[in-house]
Structure formats: C-alpha cells, structure tokens
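Listed here are the chains, written in short residue letters.
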Amino acid sequence: MKNNLKLVVMENCKGFGEKVDTYLQKIYHESLIIPISNSRFSNGEGKIKIENSIRDQDLYILSDVGNYDVTYSMHGRVHSMSPDEHFQDIKRVISAASGYASKITVIMPLLYQSRQHKRKGRESLDCAIALQELERLEVNHIVTFDCHDPNVSNAIPLLPFESFYPTNMILSTLLERENECLENLLVISPDFGAMERARYYAEMLGCDVGAFLNDVI
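What you see as residue numbers is a count from 1 along each chain, following the sequence as written. With the structure being a predicted model, the display of local features is reserved for residues of pLDDT at least 70 and the display and counting of side-chain atom pairs for 80 or more, all residues being used for whole-chain, interface and lining totals. Values shown for side chains rest on all heavy atoms present in the structure; no hydrogens or waters enter the calculation.

> Can you walk me through the sheet that holds strand E9 (residues 161-164) in this structure?
To summarise the sheet geometry, strands pair through backbone hydrogen bonds and adopt either a parallel or an antiparallel arrangement. Being paired, for any two strands, means DSSP has found at least two bridges between them. Secondary structure follows DSSP: runs of H or I at least 4 residues long count as helices, runs of E at least 2 residues long count as strands, and numbering of each begins at the N terminus. Taken in spatial order, the five strands line up as E1-E4-E7-E8-E9 in an open sheet, and their pairing is parallel. One side of each edge strand has no neighbouring strand; the edge strands of this open sheet are strand E1 (5-9) and E9. If you compare each strand with its neighbour and ignore which way they point, the axes differ by 20° on average. Bridge count between strand E7 (residues 103-108) and strand E8 (residues 141-145): four bridges; the pairing is parallel. Looking at E8, one finds that threonine 105 is bridged to histidine 141. Lines fitted to C-alpha atoms define the axes, with helix axes restricted to the stretch in contact, and inter-axis angles between N-to-C directions lie between 0 and 180 degrees.

Shown next as structure tokens:
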C-alpha cells in the first residue's frame, strides 16, 4: 500500500501520537512520525524545523494545546508552555511545511480558545480568529474533540471542521466500572452552557445533575 501519510507529533501530544502511530503501523508497516526540532532562544522565541522530507505528503499535526507539562528554559528559569505558545508552535510547523505537503490537517483534542467562541461587549473573539489564522495558512482540515460550541466553525465556512464527541466511550467506560463508582454518582456541569450535555449523561447513568454557579459582581 502506497503511503502518503505522515504525522507531526508535538511534544505536548506525544503519548496520543505514539498510540496513533502504533495503530497505523499495522497498516503501513512503518512509523509515520516525522521528526522535528523545536529550539528556543533564551528570550522564549521559538523555531521549528521539519527534519525529513514531506514533499507531496498528507501531513497530520497532532497537538494538545492544554498540556501544561511541557517546559523550556527562558532567561534561566523553567517556563511552562501556555496554550498560546502551543498554538504558535502549530503555526510554525504549518509554515515550515507550506509549499511542500500536499495536504495539512490539524488535530487538536482541545480546540484552542474554544471557550472564547462568542463576544459579550468589547471582548476578543479569539477562537474564530485562531481558526481564520489556520485557514489563511492554508490548512486543509481541522479536527477536534468535544468542542465547546461547534457553531464557531461558522467563522471558517469553506474549511472542513469536525468535532467528534467521545460520549459513547465515556459512558461505556463508566458503565464497565459500575460497581466501583456509580453508587453515589452526581453529574456536575461547569456552567449553564454545558447543562444539556450534563443532563444527557445523568439520564444515561440514572443519577442527579447539578451545575456550578458563577457569582456575578
């Protein structure tokens, strides 16, 4: 089978990327991970280089922008990378691949800035702007999981955007452990925006549902 598929696995998504690669090796009989070098200057500015050829390849970039365990040294101090920095590294990979890869797909299990998907007053509209940035960089496809509000894809109507929901897997895992953790279960929504989802889980698990209340000053 001809292999035109390659993976760029960011440090923040290494475990997940290796599992994907192990599964794909059953089909292609070789590792699909392309090595990259991610160097940092002392002031925190970064640079990414793709080490192997990606010419005419379908490139999949895997990145978990919510991983705070990735660190680097900035001015002699250990600095934990923020979602902003992880997203900037995604753009660096895309710019390094631009003009070489035939197709670029970005897989973000946690969609960058997904909670800032709508504007209230004079607020920044970060998620829409980030998606439009990826579109301008000529990304061909964006994949995420359990997006806060899939309607944010309206910001990029011509770019394929997919949000997969792991609901069935989560429920199956919980039900397999029924004797361990379902006796006194309560499903809590972090805000009212997620109440519909929380009610669904509660109905499937046969338990009560609640929500956190944010104080308004």
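> How should I be thinking about the packing of helix H4 (residues 167-176) against helix H6 (residues 195-205) in this particular structure?
Packed helices, taken two at a time, are described by the angle between their axes plus the distance between the axes. Running from N to C, H4 and H6 point in directions that differ by 35°, and their axes come no closer than 11 Å. Considering how the two elements wind past one another, H4 and H6 form a crossing that is right-handed. Contacts between H4 and H6 involve Thr167, Ile170, Leu171, Leu174 and Leu175 from the former and Tyr200, Tyr201, Met204 and Leu205 from the latter. Any residue outside Ala, Val, Leu, Ile, Met, Phe, Trp, Tyr, Cys, Pro, Asp, Glu, Lys and Arg is labelled polar, Gly included; the first ten of those are nonpolar and the last four are charged. Taken together, the residues of the contact of H4 with H6 break down into eight nonpolar, one polar and no charged. In this scheme the crossing of two helices becomes right-handed for a clockwise turn of the near helix relative to the far one and left-handed for an anticlockwise turn of less than a right angle. Here, residues are in contact when the closest pair of their heavy atoms is within 4.5 Å.

> Explain the side chain of lysine 91 to me, please; I cannot follow it from the model alone.
Take lysine 91: it is sitting in helix H2 (residues 83-97). Setting aside residues up to four positions removed in sequence, lysine 91 forms contacts with Glu133, Leu134 and Leu137.

> Help me understand the pairing of strand E3 (residues 46-50), please; the structure alone is not making it clear to me.
Within a regular beta strand, the side chains point alternately toward one face of the sheet and then the other, so they alternate between its two faces. A simple rule labels every residue: compare its accessible area, found with a 1.4 Å probe on the protein chains alone, to the largest value its type can have, and call it buried under 20%, exposed over 50%, or partly exposed in between. Here E3 shows a buried face lined by Gly46, Ile48 and Ile50 and an unburied face lined by Lys47 and Lys49. Note: strand E2 (residues 36-40) against E3, five bridges, orientation antiparallel. Residue pairing in the sheet places serine 39 in a bridge with lysine 47 of E3. Between E2 and E3, which pair antiparallel in sequence order, lie five residues; one of them, glycine 44, sits at a positive phi of approximately 100°.

> So what exactly am I meant to see when it comes to the packing of aromatic side chains here?
Both the distance between ring centres and the angle between the ring planes are used here to describe each pair of aromatic rings. Here a pair means two rings of Phe, Tyr or Trp (six-membered ring of Trp) with centres within 6.5 Å. Their orientation is stacked below 30 degrees between planes, edge-to-face above 60, and tilted elsewhere. With the rule as written, the count across this model stands at three aromatic pairs. Taking 4.3 Å as the distance between ring centres and 5° as the angle between the ring planes, the aromatic pair formed by phenylalanine 87 and tyrosine 112 counts as stacked. Of this pair, phenylalanine 87 sits in helix H2 while tyrosine 112 sits in the loop between E7 and helix H3 (126-136), placing them 25 residues apart in sequence. To sit over a ring, a charge needs its Lys NZ or Arg CZ within 6 Å of the ring centre and within 35 degrees of the ring normal. Above the ring of tyrosine 72, the side-chain terminus of arginine 40 is found at 4.5 Å from the ring centroid.

> Got a minute to help me understand unusual backbone geometry in this structure?
Outside of glycine, negative phi angles account for most residues, and trans bonds account for most peptide bonds. One non-glycine residue, glutamine 113, lies in the positive phi region at around 60°. Structurally, the position occupied by glutamine 113 is in the loop between E7 and H3. Of note in the backbone geometry, aspartate 146 takes a positive phi value of approximately 50° without being a glycine. On the secondary structure map, aspartate 146 appears in the loop between E8 and E9.

> I keep staring at H3 and nothing clicks. Help me out?
Because an α-helix completes one turn every 3.6 residues, residues spaced three or four positions apart along the sequence face the same direction. Along H3, the positions that sit buried rather than exposed are Cys127, Ala128, Ala130, Leu131 and Leu134. Buried residues of H3, viewed axially, fall in a sector of 165°; they line one side. In the segment just after H3, glutamate 138 is the residue with positive phi, at about 70°. The arc refers to the directions leading from the helix axis to the C-beta atoms.

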